[in-house]
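Reading the structure
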Amino acid sequence: ISLLSIRIYCTDQCDQDIISELFSLVDDNIFCDWEYDLISGEGEDWLNHVYYSIRKNTQRSCPNKYFSQNILKSAVSQTISQYNLIEGNVLIPLLKKVEVSEKITSLDGLLCFGRILKQDKAALAFQKHFPNGLELHKKGEILVKTLKEHDPVTYQDINPRSIITRLADHEDIYLWGRGFYVHRETVMFDKKTVNRAADWIVHRFDAGNPKFQIDLPFNKFKEDMIRGGIPNEYALYTLIRTLNSDRIGLRKFPSVVDCQSKVDITETVGDEIENYLLSAKKAISAIDLKREFVERRGWKHYRLSMSLSASENIYPWLNNSYIHMDYLQVNYDKLEDLIESIRRKLITINGAYSLKGARLELQVVWHQVCPDAPISTMVKLIRSVNSTDLEINHYLISLRHDEGTETFSLAAAIEDYFIEENREVSSLELKKEFQEKRGWSDNQYYGAIRKSTLFQMSKTSFVHPSTIDWNSDLYEEVHAVLSENLQNKNNNGIPHIIISEIIDKYLLPELPNGIEWTIELLISVGGEHNDFLFFDDACIFIENQFHIEDLDDMIAFLIGQSFEYNLEKQKNVEKLLWREGIIASGRALPKNEVFFPESSIAYLPDSDEITLSQIGEERYGSKIPA
């Protein structure tokens, strides 16, 4: 016999031992499992192998670690058939035995092999309560609240951050969009398309491209991906990871690495671009960087832009290029001399100082600091030495007004007020609360506003970052929208986008608490990193192909593009600037900001006309090709 269910009546353990001993005299392979009435002529090891086969057949029949009692019963029947056993004789005993031997546990009517962990329970609850998915990290409080209601005993004292992180890493929870997760059971997709993308990735590895980003294969099969239920590169990244390829390394989104190459799979996105510029040993043009990282390595435009500006070791250089600081000739002693000269100048003028003027007026020491350095490079150098008493707003530098440590506590008081209100608050309400009721002076009030982290909502209102759930992910979404729309304009020879048009097209991510996007809010949040230069209702890339460094350059570019002879009446120039969002409708040209030595435009008071200066003629006198 291979296996039979047999009931042998024995009065005690002694009888069982005697019978087992008698069986051993007949055949050493005969084994009795008294508890489950199973007797085998193939020995105990063979019986354990049957249990293991049942486990494997069960796992093949379910897409994840959970299965029903019917699936288990079907797997037992399949195993009985494999081993040519008599089903009616051993089905029930085997079912009972395998539940114990393979340590099957149950939860909400489902079974699984082994212990059900807290994150396993959370994944099942996620599937039940969020069938359409959830932005885990943004809406973690909703998840935690739901888990506590679902299972108060298990989740009463959970650490929210810990459970969210573990759930995001769970094998049954798929990243299906930027910060958006779904349960694997709630999505359907075309596996053939995923396999095609994986094959294409390996083929690209074989062609000598050991590292790139997931955007490349997604865009290669984009139409098929979307038709096949794979909406974006995040979903593709997740699905390729489930293939468990020994060739395709997917350590951290969005990088795809050949595991058989010498590429460091732990290299971050920031490290990647720094190492590229290090190996170049010279400045690389923005066009060549775009060709290498956007076209060849699959980066998004905004990710390249952010990586360049965020790196402490990469500096903008001449002719819209970038260089690693190791190959930048910097005399830091002279940099201190330059900063001290700027401080003395600021004390004498009692206002902001244009770094364009500083480049001309202090050109000797400027050149000694870093030969031929453009203003953008010098800005980053000044910031790198932690000149905390200086404030740089694009190309204007000023002394930072410090009302003392009290201002910081006052700023915290204002922020606490906003956090408690959790809404947009007007300047009028703030002044009533803090000046009329709390007795603050003008200096205290305005100093606290300036020192706070509030975002401007309008000319006369503010909002706290927590009210709009502001975080790095949301910033990257906003950055991506601005970058991609700007890049499309740049490709057509237009340096700027109009902010209100971006808002009106609902391209920006939705905000919570009834907050709607405004021009002022977008400028406030968009200015967190030094990537964009904002005007009243327009913005450009700070590092742009049009050599636009400031407001005067923007005006010069538009004059060169729009008016014959590069000359026009002030009122007509202003109408053009209103239309293009450069200055607010109805506003006059801010003459103190646009007419100065080294400006790209000049004012002709006798004729009330504006023209290009000599510098402006050199840059914008002829039409800039698209």
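Before reading further, recall that the structure is shown in the block above.
From a predicted model like this one, the values you see are computed outputs, not experimental measurements.

So, about the overall build of the protein chain. The helix and strand inventory of the protein chain stands at 29 helices and 26 strands. In terms of overall size, the protein chain is more extended than a compact globule, its C-alpha atoms giving a radius of gyration of 34 Å where 626 residues would be expected to give roughly 25 Å. With the principal axes as the frame, the protein chain shows a C-alpha extent of 120 × 65 × 45 Å. A buried classification covers 47% of the 626 residues belonging to the protein chain. With the model as given, the accessible surface of the protein chain reaches about 32,000 Å², and the carbon-plus-sulfur share is 48%.

Attention now moves to the sheet that holds strand β26 (residues 609-612). Taking strand neighbours across the sheet as the criterion, the three strands line up as β24-β26-β25 in an open arrangement whose pairing is antiparallel. One side of each edge strand has no neighbouring strand; the edge strands of this open sheet are β24 (567-569) and β25 (601-604). Taking the axes of each pair of neighbouring strands and ignoring which way they run, one obtains an average angle of 25° across the sheet. Bridging between β25 and β26 involves four bridges; their strand directions are antiparallel. For Leu 604, the partnering residue across the bridge sits in β26 and is Glu 609. The strands that helix α26 (residues 551-562) touches are β24, β25 and β26; relative to β25, the one it contacts most, it runs at about 75°.

The subject of this paragraph is the packing of aromatic side chains. Pairs of aromatic rings are described using the distance from one ring centre to the other and the angle between the two planes. Tallied over the full model, the rule gives 20 aromatic pairs. Taken together, the aromatic side chains of Tyr 417, Phe 418, Phe 434 and Trp 440 make up a single cluster linked through ring pairs. Here the basic side chain of Lys 380 rests over the ring of Tyr 315, its NZ or CZ set 5.4 Å away from the ring centre.

Once that is clear, we can look at the packing of α26 against helix α27 (residues 570-579). Remark: α26 packs on α27, axes separated minimally by 11 Å, with the N-to-C direction vectors making an angle of 105°. By the criterion of interaxial angle, the relationship of α26 to α27 is roughly perpendicular. Note on element contacts: α27 touches α26 through Val 573, Leu 576 and Leu 577, opposite Ile 555, Leu 558, Ile 559 and Ser 562. Taken together, the residues that form the contact of α26 with α27 break down as six nonpolar, one polar and no charged.

The next thing to look at is the nonpolar core. Counting residues in each nonpolar core, the largest one holds 29 residues, and the members touching the most others are Trp 517, Leu 521, Leu 522 and Val 525. Of all elements in the fold, only α15 (301-310), β19 (455-458), α23 (472-491), α24 (499-504), α25 (519-526), β22 (532-534) and β23 (538-541) reach the threshold of two or more residues within this core. Per element, the largest residue contribution to this core is seven residues, and it comes from α23. Discounting residues that sit within four places of it in the chain, Val 525 has contacts with Phe 455, Ile 468, Trp 470, Tyr 475, Val 478 and Trp 517. One finds Leu 338, Ala 358, Trp 366 and Tyr 395 within the second-largest nonpolar core, a separate group that totals 27 residues.

Bringing the pairing of strand β14 (residues 321-324) into the picture now. Look at any regular strand and the pattern is simple: side chains alternate between the two faces of the sheet. Here β14 shows a buried face lined by Ser 321 and Ile 323 and a second buried face lined by Tyr 322 and His 324. Across two bridges, the pairing between strand β12 (residues 284-285) and β14 is antiparallel. Its bridge partner lying in β14, Ser 285 is registered against Ser 321. Bridge count for strand β13 (residues 314-317) against β14 is four bridges, and the pairing is antiparallel. Residue pairing across strands places Trp 317 opposite Ser 321, the latter belonging to β14.

This part is about the side chain of Glu 433. Residue position: Glu 433 is located in helix α21 (residues 427-437). Ignoring sequence-local partners within four residues, the contact set of Glu 433 consists of Tyr 417 and Arg 438.

What follows covers unusual backbone geometry. At the junction of Phe 253 and Pro 254, the peptide bond is cis and its omega measures out at 5° in the coordinates. Mapped onto the fold, Pro 254 is located in the loop between β10 (248-249) and β11 (255-258). A positive phi is found at Asn 244, a non-glycine position, where the angle reads about 55°. Tracing the backbone shows Asn 244 in the loop between α12 (233-242) and β10. The phi angle at Asn 422 is positive, at roughly 55°, despite the residue not being glycine. Secondary-structure assignment places Asn 422 in the loop between α20 (405-421) and β18 (425-426).

Procedures and definitions
- Residues numbered from 1 in each chain as written.
- Predicted model: local features only at pLDDT ≥ 70, side-chain atom pairs only at ≥ 80, totals over all residues.
- Heavy atoms only, no water.
- Helix = DSSP H or I, 4+ residues; strand = E, 2+ residues; numbered from the N terminus.
- Rg over C-alpha atoms; globule rule 2.2 N^0.38 Å.
- Buried < 20%, exposed > 50% of the residue type's maximum accessible area, 1.4 Å probe, protein only.
- Areas by Shrake-Rupley, 256 points an atom, 1.4 Å probe, with all protein chains shown as cover.
- Pairing = 2+ DSSP bridges.
- Axes fitted to C-alpha atoms, helices over the stretch in contact; angles between N-to-C directions.
- Contact = heavy atoms within 4.5 Å.
- Phe/Tyr/Trp six-rings, centres within 6.5 Å; stacked < 30°, edge-to-face > 60°.
- Lys NZ or Arg CZ within 6 Å of the ring centre and 35° of its normal.
- Parallel < 35°, antiparallel > 145°, perpendicular 65-115°, else oblique.
- Nonpolar A, V, L, I, M, F, W, Y, C, P; charged D, E, K, R; others polar.
- Core = buried A, V, L, I, M, F, W, Y, C linked by side-chain atoms within 4.5 Å.

Geometry only, nothing functional implied.
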